[in-house]
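Structural description and commentary
Here are the chains, one letter per residue:
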Amino acid sequence: MSADADCLFCKIVAGDVPADVVHSSERTVAFRDINPQAPLHVLVVPRHHEPNAAATASADPLDLAEIAITARAVAAAEGYDDYRLVFNTGAGAQQTVFHTHCHVIAGRESTWPPG
Ligand code: AMP
Ligand code: ZN
């Protein structure tokens, strides 16, 4: 589906809910996470609503490619060559918003394995 009337991130994409947008392209919108976990914590979302990364890749692989390219641009714009990308997928993996989003996290030490 293109947009879901009940979806928070669709509302941010449409401009109906305010967000601190740092990057916008034909396919994606990137905005700061409201509860940042690192000095840089941005969410990159496709404009087209799908519930998770795999669904986005199936619906339009170029959307997923654009998310990765946007994430690099967002990190680079704030001086970060190194960053972590996270797609929480499913409630059991801490996904709380069911519109595909990529967390771009940088500016603090990354531990492995992730929590
Ligand atoms: P996830 O838990 O992977 O589904 O990530 C959802 C993220 O969305 C969380 O990190 C939230 O802090 C973030 N979030 C929720 N509401 C907003 C909002 N209105 N603007 C920006 N980020 C939000
Ligand atoms: Zn949505």
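Everything numeric in this text was worked out from a predicted model, so none of it was measured.

**What about helix 3 (residues 61-77)?**
For helix 3, built from 17 residues, the straight-helix expectation of 24 Å at 1.5 Å per residue is met to within 8% by its first-to-last C-alpha distance of 25 Å. Burial in helix 3 covers these residues: Asp63, Ile67, Thr70, Ala71, Val74 and Ala75. Angular distribution of buried residues about the axis of helix 3 spans 130 degrees; they occupy a single face of the element. Facing away from the buried side of helix 3, by more than 90 degrees, are the exposed residues Pro61 and Leu62. Looking at the packing, one finds that the buried side of helix 3 touches strand 1 (21-24), strand 2 (28-32), strand 3 (40-46), helix 2 (53-59), strand 4 (84-86) and strand 5 (102-106). Phi turns positive one or two residues past the end of helix 3, at Gly79, with a value near 90 degrees.

**Observations regarding the coordination of the zinc ion (ligand 2)**
The zinc ion (ligand 2) binds to the protein through Cys7 (SG), Cys10 (SG), His49 (ND1) and His99 (ND1); the donor distances cover 2.0 to 2.3 Å. Considering all four donor atoms around the zinc ion (ligand 2), angles at the metal cover 106 to 116 degrees and the coordination shape is tetrahedral. When its relative accessible area of 5% is taken as the criterion, His49 is described as buried. By relative accessible area, His99 is classed as buried at 0%.

**Concerning the nonpolar core**
Counting residues in hydrophobic clusters, the biggest one holds 11 residues: Ala30, Leu40, Val42, Val44, Ile67, Ala71, Val74, Ala75, Cys102, Val104 and Ala106. Those elements that place two or more of their residues in this core are strand 3, helix 3 and strand 5. The element contributing the most residues to this core is helix 3, with four residues. Sequence-distant contacts of Val104, defined by excluding residues within four places in its chain, comprise Leu40, His41, Val42, Val44, Ala71, Tyr83, Arg84 and Leu85. By size, the runner-up hydrophobic cluster in this structure holds 10 residues, among which are Cys7, Val13, Phe31 and Leu43.

**Quick look at the site of ligand 1**
Near ligand 1, the surroundings consist of 16 residues, among which Asp33, Asn88, Gln94, Thr96 and His103 are the closest. In this structure, His101 approaches ligand 1 through a side-chain N or O atom, which is 2.9 Å from an oxygen atom. For ligand 1, whose accessible area on its own is 510 Å², the fraction buried by protein is 83%. According to the grid-proximity analysis, the pocket containing ligand 1 is the largest pocket. With three residues, the single largest contributor to the shell around ligand 1 is helix 1 (residues 8-14). When its residues are assigned to classes, the shell around ligand 1 shows seven nonpolar, seven polar and two charged.

Definitions and limits used
- Residues numbered from 1 in each chain as written.
- Chains lettered and ligands numbered in written order.
- Predicted model: local features only at pLDDT ≥ 70, side-chain atom pairs only at ≥ 80, totals over all residues.
- Heavy atoms only, no water.
- Helix = DSSP H or I, 4+ residues; strand = E, 2+ residues; numbered from the N terminus.
- Expected span 1.5 Å × (residues − 1).
- Buried < 20%, exposed > 50% of the residue type's maximum accessible area, 1.4 Å probe, protein only.
- Arc of directions from axis to C-beta.
- Contact = heavy atoms within 4.5 Å.
- Donors = N, O, S within 2.8 Å, 3.2 Å for Na, K, Ca; no water.
- Tetrahedral: all angles 85-135°; square planar, octahedral: opposite > 155°, others 65-115°.
- Core = buried A, V, L, I, M, F, W, Y, C linked by side-chain atoms within 4.5 Å.
- Near = heavy atom within 4 Å.
- Polar contact = N/O pair within 3.5 Å; in protein donor to acceptor, adjacent residues only side chain to side chain.
- Areas by Shrake-Rupley, 256 points an atom, 1.4 Å probe, with all protein chains shown as cover.
- 1 Å grid on protein atoms, 1.4 Å probe; cavity = no way out; pocket = protein on both sides within 12 Å on 5 of 7 lines; lining within 4 Å.
- Sits in = over half its atoms within 2 Å of the grid points.
- Nonpolar A, V, L, I, M, F, W, Y, C, P; charged D, E, K, R; others polar.

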